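# Survey of secondary and tertiary structure
The chain contents come next:
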Amino acid sequence: AKEQLKLRQEANMPAVQSLQASIPTTEATFAQRGASLEAEKNPLETRYKNLLSEIGRRERRETESATLRATNELGRRGIAPTSRLGERTIAESLNPVSEFYTGQTKDVGLNQETSMKYLQDLISAVPLEKQAALDKINQSISGLQAGGAGDAIKDALSLYQLNKNNAQQQQQLSLQQRI
């Protein structure tokens, strides 16, 4: 029995070495994923900042146009824009513009918070995912070294698939971030 165990362990040695060699690659994959996600923070913040600036610019432009239209209409009627009626008319013409852009600004702000939280959650999950992958590798190595080839090989193949899926997810994330 001891001799069979030793033979199984020797037969499993290439798989053990392969799994041990995959540890640095796994660590590098997760480090790259973390860095890639971390690198998305500033561009995401910048995109939202630019979007909010654009909303502000459009609001100012529409406010000026609405004020000009109301002032022209008041002038056509012979009403001074500085009169009580003129000021009320101008204010009423600006309310829809103000309400619309206040809502737009609020929506973009909420979307920014949600996006930043989601990105931070992804970043926070990377070390946990990395540790889970490394634990699985080490468990497979231990199983192979103990001579349990069947389960360890299944685990090794499962781990290979997990690493492959992580690499594909990273590629998809990179593509989504470019879009």
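The residue count restarts for each chain, going from 1 along the sequence in the order it is written. The predicted origin of the model limits local features to residues at a pLDDT of at least 70 and limits the giving and counting of side-chain atom pairs to 80 or more, whereas totals for whole chains, interfaces and linings rest on all residues. Side-chain descriptors were evaluated using all non-hydrogen atoms of the structure, hydrogens and water having been removed beforehand.

For the rest of this paragraph, the subject is the environment of Leu 144. Along the chain, Leu 144 turns up in helix H3 (residues 84-145). The exposure class assigned to Leu 144 is buried, which follows from its relative accessible area of 0%. For the pair Leu 144 and Ala 11, spaced 133 residues apart in sequence, the C-alpha separation works out to 9.1 Å. Helix and strand assignments follow DSSP, with helices taken as H or I runs no shorter than four residues and strands as E runs no shorter than two, numbered in order from the N terminus. The cut-offs for exposure are 20% and 50% of the maximum accessible area for each residue type, with area from a 1.4 Å probe on protein chains only; residues under the lower value are buried, those over the upper are exposed, and the others partly exposed.

Think of it this way: a Phe, Tyr or Trp ring, Trp meaning its six-membered ring, pairs with another when their centres are within 6.5 Å, and the plane angle makes it stacked under 30 degrees, edge-to-face over 60, tilted otherwise. All told, the structure shown has 1 aromatic pair when counted by the stated rule. Centroid distance Phe 100 to Tyr 101: 4.8 Å. Interplanar angle 85 degrees. Geometry classified as edge-to-face. Its relative accessible area of 46% is what places Phe 100 among the partly exposed residues. Overall, Tyr 101 belongs to the buried group, its relative accessible area being 5%.

A few words on the pattern of salt bridges. Think of a salt bridge as a Lys or Arg side-chain nitrogen and an Asp or Glu carboxyl oxygen that are within 4 Å of each other. As enumerated under the stated definition, the model contains 9 salt bridges in all. Close ionic contact of Glu 73 with Arg 77 constitutes a salt bridge, the shortest N to O distance being 3.2 Å. Linking Glu 73 with Arg 77, this pair stays in helix H2 (residues 41-77), spanning 4 residues, or about one helical turn. Taking the relative accessible area as the measure of exposure, Glu 73 reaches 28% and is therefore partly exposed. The exposed category is assigned to Arg 77, whose relative accessible area is 54%. Salt bridges linked by common partners bring Glu 54, Arg 57 and Arg 58 together as one network.

So, about the side chain of Arg 33. For Arg 33, the position within the fold is in helix H1 (residues 2-39). Arg 33 gets classed as buried once you look at its relative accessible area, which sits at 9%. Not counting chain neighbours up to four residues away, the residues in contact with Arg 33 comprise Val 126, Glu 129, Gln 169 and Gln 170. A contact between two residues is defined here by any heavy atoms of the two lying within 4.5 Å.

It is worth spelling out the confidence of the model for the protein chain at this point. On average, residues of the protein chain carry a pLDDT of 88, and 89% of them reach 70 or more. As a per-residue measure, pLDDT reflects the predictor's confidence and takes values from 0 up to 100. Confidence, expressed as mean pLDDT per element, reaches its minimum in the protein chain at helix H4 (residues 149-178) with 69 and its maximum at H2 with 96.

Ranked by internal contacts, the top residues of the largest apolar core, which has 16 residues, are Leu 37, Leu 44 and Leu 119. Taken together, the elements giving at least two residues each to this core come down to H1, H2 and H3. It is H3 that contributes the most residues to this core, 9 residues altogether. Those residues in contact with Leu 44, other than ones at most four positions away along the chain, are Ser 115, Met 116 and Leu 119. The definition of a nonpolar core used throughout is a set of buried Ala, Val, Leu, Ile, Met, Phe, Trp, Tyr and Cys residues joined through side-chain atoms within 4.5 Å.

The terminal C-alpha atoms of H3, which comprises 62 residues, lie 90 Å apart, in line with the 92 Å expected from a rise of 1.5 Å per residue. If you look at H3, its biggest bend is around 30 degrees, right at Leu 94, and the proline Pro 96 turns up within four residues after that. Expected span of a helix, by definition, is 1.5 Å for each gap between consecutive residues, and there is one gap fewer than residues. Axes are fitted to the seven residues ending at a residue and to the seven starting at it; the angle between these axes is taken as the bend at that residue.

Contact geometry of H2 with H3 gives a least axis separation of 9 Å together with a crossing angle of 175 degrees. Relative to H3, H2 is oriented roughly antiparallel. With axes taken as lines fitted to C-alpha atoms, and helix axes fitted only over the stretch in contact, angles between N-to-C directions fall between 0 and 180 degrees. Every angle not falling under 35 degrees, over 145, or within 65 to 115 is termed oblique; those three ranges are roughly parallel, roughly antiparallel and roughly perpendicular.

Take H2 next. For H2, with 37 residues, the first-to-last C-alpha span of 54 Å sits near the 54 Å given by 1.5 Å per residue. As for H2, its buried residues are in contact with H3. The first or second residue beyond H2 is Gly 78, which carries a positive phi of 80 degrees.

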